[in-house]
Amino acid sequence: MKKILQLLMFTPLLFLLAGADVVAQTNTITGRVTGSDGVPLPGVSVVLKNTQRGTTTNAEGRYTLPNIPKDGILTVSYIGYVTQELPIGNRTSFDVILQSDDRSLNEVVVVGYGTQRKVETTGAIASVKSTELVQTPVANVAQGLQARVSGVQVNQNTGAPGGRISVRIRGTNSINGNSEPLYVVDGIQISNGTNNSSEINSVSPLSTINPNDIESVEILKDASASAIYGSRAANGVVLITTKRGKTGATRVTLDSYYGVQNVNKKLDVLNAAEFAQVENETFKNNYYANPASLGEGTNWQNIIFRQAPIQSHQLSINGGSEKTQLSLSGNYFNQDGIIINSNFKRYSFRLNVDHRISNRVKVGTSILGSYVINSGVTTGSQTIGDAAVVNATVLGAALGAPPTLQPYREDGTIFPFGEQANGQYREVINPLNYTAILNQTAIRRTLANVYGEINLLKGLTYRASFNVDMQGTLRDTYSPRSIVNKSDLNDNSGSGSKTNTNNLALLHESILTYGTTFAKNHSLKVTGVFATQSENYNQNQLTATGFPNDATQNEALQLALTRNVSSNRTSQRLDSYLGRINYGFKDRYFLDLTARVDGSSRFGANHKYGVFPAVSAGWRIIEEPFAKSLTWLSDLKLRASYGITGNAGGIDPYQSLATVSAPNPGSDYNINHTYVIGINPSGIANPDLRWERSAQTNLGLDIGFLNNRISFIVDVYQKTTKDLLYVKTLPLSSGYSTITGNFASLENKGLELATNARILDGALKWNVSANATFNRNKLLDLDGGTTRERFVTAYSVLQVGSPLGLFKTYVFDGINQTGETILPGYGGTLGGQKVKDLNGDGTISAADQIITGNPNPNFIYGFSTNLSFKNFDFSAFLSGSQGNDIYNASRLSFTMPLGQRNMLKGVVNRWTPTNPNNEFPAPAQGGRMPVSNYVVEDGSYLRCKNVTLGYTLPRIKGIQNIRVYMSANNLFTLTSYSGFDPEVNTYAGSNTQIGIDNLVYPQAKSFLGGLQITL
């Protein structure tokens, strides 16, 4: 950083050096620019190469450029046309004819096991470039995809550094299984989640990959594009290509930024004086003799929130000869969380080498390595309830902590609440306790790929690749004795653990590709693949309680009074055979056929193999003779596809087998005064257990206007997922409580819209892009028709014929007022909340509960704009969600004055006989509020994700490029939601518990400055 700051200090000197012009002979250049059809082109950029001196053509295509040196080169460029460079010499006039540029159509995109020209694609494939991914400072590649692509919903469920991100491509496709897409990094297949991906406080697997190393990302959305990955493709596929070396001079690039983050919002709570008054009313005593004298008291949110730095520094080397190309990078990323003692730190490196041994043989490797250290704090309790929200997470403790108490002792140590106020608040926890608990995860990960490629015959290529994904995780926890109330200290105080987890995934792929053209207008490409992969997982855990002191924390677990050891291991294998045929005629008609056969060890003996076929076609109408006269139309292509994909991630290994286990406690016996651990049956065999299968139909239209200066992409789709893996309840007489089988089905259908426009392309360049996604999710069957509705929580249900995750509650009807009849059935009291008797039977019961909220949005959208003028560049990016509801679970706890905890500010206006309001109930020790739509809120939002202003310095000898920039991230959020953040889910990647907020780590607003230097 010191060297970077020194360079910035010398920036004015660089300007002066760059401004020194060399005296040379000059001419005034004039001319006219037309297209190949002779039509003049207005707005064409005519610039002296390597300078900012230039102009644009007028309405007649004419231009004038004075004082141009004879040894200069004129660059003539226009969107949709091939750029021309013209040496000046002694000439004073240049009439230029620009040729139409079809590179946008000939652009190559990555598809499964190969590449295609963009013009040839028949499936729903979207691309995101590296500049878009890292426009905002992200620790996770999935964060960079948010609102960039239609059909892809990215939820940053938690703002914790390195925290969980959930991605849904065209909706949720499973109930019990994993709905995260498959990620393929340089051919290495990885997953963003497991069946436990609902764990909100864990580290995202994608956070181990450095987003700055990525060249491009392709999202395979429909079945025709993703079926090539068969049993792992039902949730879509994200292909990640890292930066590779290029032939030419070696380039060294430094990309560095530093910034600060702040919490976007704090919730208003009662101050000490207001809290004391409520306490007196709740307990009907005079514990606080003079509440008004206490003033503001302790602001616990100010105690736990902080201004937090974020920084990233990357050095890259790129270059190569005709035979060997190399790309090497190293990165350091460090993000402190806005909650104290939370941090995410990553060290990463990447090495990509490609070497051509001969004209026929090529070899190469890709290696990505990272070391991540994540220090977390617990937020977002998944136990919904009064005590849990206050005593299980740092945010709940901060909101509920009495403002009349102190955070620290005089010596600076944490002051337990049980030692204050004569023990009045011993049941409430000091929020600093959670920041003092060690919760650290260290991850070492290596993704490596080695390949060899040989041209066997003309057009026939064989490629063999060997991939490995190695990950070792060590999780350290320790809860110190120092945060325990002195009166509660005992021999069991202090607890710690160490958990070692190792994952090893091996993959071999043999790919045979044949491509040819025949009879001039016909193209054919055939791809055949054999793949075999294995995954091995093991975990060892040691937990201990009862430490003599905190000196060693969890580094000497042998000192603890009680210790427990556990371990487990799983392995699985997948063998695959696949083929694809791509046929094209005159770049006008295209047909793709794909089929894959997968065999998995996870599934039952009767269904080890699954077949996943797909077919798609494309018709470039623009190439038809009748469309040639439409000069304003530059592209028009119709796409259609149908295919079947599978989801092997719905269950863990061994679920098809009869299993036994030794649960503890529960199976422990004392036989002849000897302690014996018992083993009992735990899982019933199901030889018919098989894949979740998604059948998807897609219809797409690509339209381009004015040489593709404006383009639109429209896709409509319907996806039905059958044989969903679902845990079905069994009669206890069977000896088992549940069985996992293929019982359920659901449907997703939707509309995707995307547009790009290059509005200005002169001295001022202006591009905009926007997208919107409308997805409708519906549960078709739950367990073979036996059950129509099932509560997942006390407020959310699975209901056949409806979307997943609906909220079903009572309907809030204000406060029970003096003189009103209080209906039985829900524990109503005078001054307490009341709910509606919808069926009119005079009693509140489950029959009065209805659907009161839907966490699934009506649509999601994104918008971005980029402007540049001379050396300045500006960009802005917004994202939003419309029509989704949030169950604000914590509001139940912080609007009901139960005593011993602080409340939201609105409780100042609580009900009393003289203040008969209809929102905030009266204090009631031990009272409870009914589960109603009182806490169901509109979660719609529009967020300004990023605004960036940059300046590129004039070129300096020996330096290719220097750019400085300032960036603001999460600058503002427009929403009516009353919680910390509308983009939230306590249950992270859960498929059924959606849109629930129980005080998850909020997202931060950040401001940063950056420097990019290329030598």
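Positions within a chain are numbered from 1, following the residues in the order the chain's sequence is written. Under the rules for a predicted model, residues below a pLDDT of 70 receive no local features and side-chain atom pairs below 80 are neither given nor counted, while totals for whole chains, interfaces and linings still include all residues. Side-chain metrics in this entry use all non-hydrogen atoms of the structure; hydrogen atoms and water are not considered.

Caption draft 1: Just the overall build of the chain, in detail. When helices and strands are tallied, the chain shows 12 helices and 51 strands. This radius of gyration counts C-alpha atoms alone. The globule rule is 2.2 Å times how many residues there are, raised to the power 0.38. Taking 1015 residues into account, the globule formula puts the C-alpha radius of gyration at 31 Å, and the chain, at 32 Å, falls close to it. Its C-alpha atoms give the chain principal-axis dimensions of roughly 100 × 70 × 65 Å. With 1015 residues in all, the chain has 52% of them scored as buried. Put simply, DSSP H or I for four residues or longer makes a helix, DSSP E for two residues or longer makes a strand, and each gets a number counted from the N terminus. Partly exposed residues are those whose accessible area sits between 20% and 50% of the maximum for their type, while under 20% is buried and over 50% is exposed, using a 1.4 Å probe and protein chains only.

Caption draft 2: Summary view of the sheet that holds strand S10 (residues 125–129). For two strands to pair, DSSP has to find at least two bridges joining them. Read across the open sheet, the five strands follow the order S10-S15-S16-S13-S14; overall the sheet is mixed. The open sheet is flanked by S10 and strand S14 (188–191), the only strands paired with a single partner. Each neighbouring strand pair of the sheet contributes to a mean axis angle of 20 degrees, computed without reference to strand direction. All axes are obtained by fitting lines to C-alpha atoms, using only the stretch in contact for helices, and the reported angles, taken between N-to-C directions, cover 0 to 180 degrees.

Caption draft 3: Fine view of the pattern of salt bridges. For this analysis, a salt bridge means a side-chain nitrogen from Lys or Arg found within 4 Å of a carboxyl oxygen belonging to Asp or Glu. Tallied over the full model, the rule gives 31 salt bridges. As a salt-bridge pair, Lys-834 and Glu-820 come within 3.0 Å of each other at their nearest N and O atoms. In this pair, Lys-834 is assigned in strand S42 (residues 833–835) and Glu-820 in the loop between strand S41 (812–815) and S42, connecting sequence segments 14 residues apart. One salt-bridge network, in which partners are shared between bridges, spans Arg-117, Glu-120 and Asp-587.

Caption draft 4: Layout of the side chain of Asn-871. Assignment of secondary structure puts Asn-871 in the loop between strand S44 (859–869) and strand S45 (872–882). A relative accessible area of 9% places Asn-871 in the buried class. Here Thr-952 takes part through its backbone oxygen, which lies 2.6 Å from a polar atom of the side chain of Asn-871. By definition, residues are in contact when any of their heavy atoms lie within 4.5 Å. Beyond its immediate stretch of four places on either side in the chain, Asn-871 contacts Gln-52, Gly-950, Tyr-951, Thr-952, Leu-953 and Pro-954. Polar contacts, as used here, are pairs of N or O atoms within 3.5 Å; protein pairs need one atom able to donate a hydrogen and one able to accept it. Residues neighboring in sequence count only if both atoms are side-chain atoms.

Caption draft 5: Expanded view of unusual backbone geometry. Positive phi, close to 55 degrees, is recorded for Asn-67, a residue that is not glycine. Within the chain, Asp-186 stands out as a residue other than glycine whose phi angle is a positive 50 degrees. Relative to the helices and strands, Asp-186 is located in the loop between strand S13 (182–185) and S14.

Caption draft 6: Geometry of the environment of Ala-560. In this fold, Ala-560 is placed in the loop between strand S25 (522–545) and strand S26 (562–585). Note: C-alpha distance between Ala-560 and Thr-545 (15 residues apart in sequence) is 5.6 Å.

Caption draft 7: Region of interest: the pairing of strand S28 (residues 609–620). Only one face of S28 is covered, namely the one carrying Gly-610, Phe-612, Ala-614, Ser-616, Gly-618 and Arg-620; the face carrying Tyr-609, Val-611, Pro-613, Val-615, Ala-617 and Trp-619 has none of its residues buried. Pairing analysis gives 11 bridges linking strand S27 (residues 589–600) to S28, with the strands arranged antiparallel. For Val-597, the partnering residue across the bridge sits in S28 and is Val-611. Pairing geometry for S28 and strand S29 (residues 633–647), over seven bridges, is antiparallel. Each residue of the ladder has a partner; that of Ala-614, found in S29, is Gly-643.

Caption draft 8: Focus on the packing of aromatic side chains. Each aromatic pair joins two rings of Phe, Tyr and Trp (for Trp, the six-membered one) with centres within 6.5 Å, and gets the label stacked for planes under 30 degrees apart, edge-to-face for over 60, and tilted for any other angle. Applying the stated criterion across every chain, the model contains 20 aromatic pairs. Residues Phe-774 and Phe-859 carry aromatic rings whose centres are separated by 5.2 Å and whose planes lie at 35 degrees to one another, so their mutual orientation is tilted. Here the residue Phe-774 occupies a position in strand S37 (residues 764–781), and Phe-859 occupies one in strand S44, the gap between them amounting to 85 residues. An aromatic cluster is built from Phe-275, Tyr-287, Tyr-288 and Tyr-425, whose rings are joined through pairwise contacts. Criterion for a charge above a ring: Arg CZ or Lys NZ at most 6 Å from the ring centre, at most 35 degrees from the ring normal. The ring of Tyr-934 carries the charged tip of Arg-891 above its face, separated from the ring centre by 4.3 Å.

Caption draft 9: Just the pairing of S14, in detail. One ladder, built from four bridges, connects S13 with S14; its direction is antiparallel. Note that in S14 the partner of Val-185 across the bridge is Ile-188. Two successive antiparallel strands, S13 and S14, enclose a turn made up of two residues, where Asp-186 displays a positive phi of approximately 50 degrees.

Caption draft 10: Region of the structure containing the nonpolar core. Grouped together as the largest cluster of nonpolar side chains are 49 residues, with contacts concentrated most on Phe-305, Leu-395 and Tyr-887. Secondary structure elements with two or more residues in this core: helix H7 (272–283), helix H8 (300–304), helix H9 (386–391), helix H10 (394–400) and helix H12 (889–894). A per-element tally of this core places H10 first, with five residues. Each residue touching Phe-305, except ones within four places of it in the same chain, is listed here: Val-263, Lys-266, Ile-338, Ile-339, Leu-395, Phe-980 and Pro-1002. The set of buried Ala, Val, Leu, Ile, Met, Phe, Trp, Tyr and Cys residues whose side-chain atoms join them within 4.5 Å is what this entry labels a nonpolar core. Listed in part, the 25 residues of the second largest apolar core include Leu-133, Val-185, Ile-190 and Val-217.

Caption draft 11: Broad picture of the sheet that holds strand S39 (residues 796–799). Spatial strand order, S38-S39-S40-S43: four strands in an open sheet with antiparallel pairing. Two strands close off the open sheet at either side, each with one partner strand: strand S38 (789–791) and strand S43 (850–853). Each adjacent strand pair in this sheet contributes to an overall mean axis angle of 45 degrees, direction not counted. Bridge count between strand S40 (residues 806–809) and S43: three bridges; the pairing is antiparallel. Considered in S43, the bridge of Lys-808 is made with Ile-851.

Caption draft 12: Just the confidence of the model for the chain, in detail. On average, residues of the chain score 86 in pLDDT, and 93% of them are at 70 or above. Averaged pLDDT values over the elements of the chain bottom out at 35 in helix H2 (residues 11–18) and peak at 96 in H8. Every residue carries a pLDDT, the predictor's confidence in it, which falls somewhere between 0 and 100. Across residues 1–24, confidence stays below pLDDT 50; counting only partners more than four residues off in sequence or on other chains, it has 23 contacts.

Caption draft 13: How the structure looks around the environment of Leu-133. By the secondary structure assignment, Leu-133 is in helix H4 (residues 130–133). Classification of Leu-133 by relative accessible area gives buried; the value is 1%. Non-local contacts of Leu-133, meaning those with residues more than four positions away in its chain, are made with Val-128, Val-138, Val-141, Gly-144, Leu-145, Ile-214 and Val-217.

Caption draft 14: Here's a closer look at a nonpolar patch on the surface. Candidate patch residues must exceed 30% relative accessible area and have no salt bridge, after which like charges are joined if within 9 Å and Val, Leu, Ile, Met, Phe, Trp or Tyr side chains if within 5 Å. The Shrake-Rupley method, run with a 1.4 Å probe sphere, supplies the accessible areas, and residue values consider only the shown protein chains as cover. Taken together, Tyr-514, Val-526, Ile-581, Leu-591, Leu-593, Val-615 and Tyr-642 make up a surface patch of nonpolar side chains, about 530 Å² in accessible area. Along the chain, Val-526 turns up in strand S25. You can call Val-526 partly exposed: its relative accessible area is 32%.

Caption draft 15: Spotlight on H7. In this scheme, a helix's expected span is set at 1.5 Å multiplied by one less than its residue total. Helix length check: H7 (12 residues) gives 16 Å between terminal C-alpha atoms against 16 Å at 1.5 Å per residue, within 8%. The complete set of buried residues in H7 reads Ala-272, Ala-273, Phe-275, Ala-276, Val-278, Glu-279, Asn-280 and Thr-282. Regarding H7, its N-cap is Asn-271, as a side-chain oxygen of that residue lies 3.2 Å from the backbone nitrogen of Ala-273 further along. Note on H7: the residue one or two positions beyond its end, Lys-284, has a positive phi of about 50 degrees.

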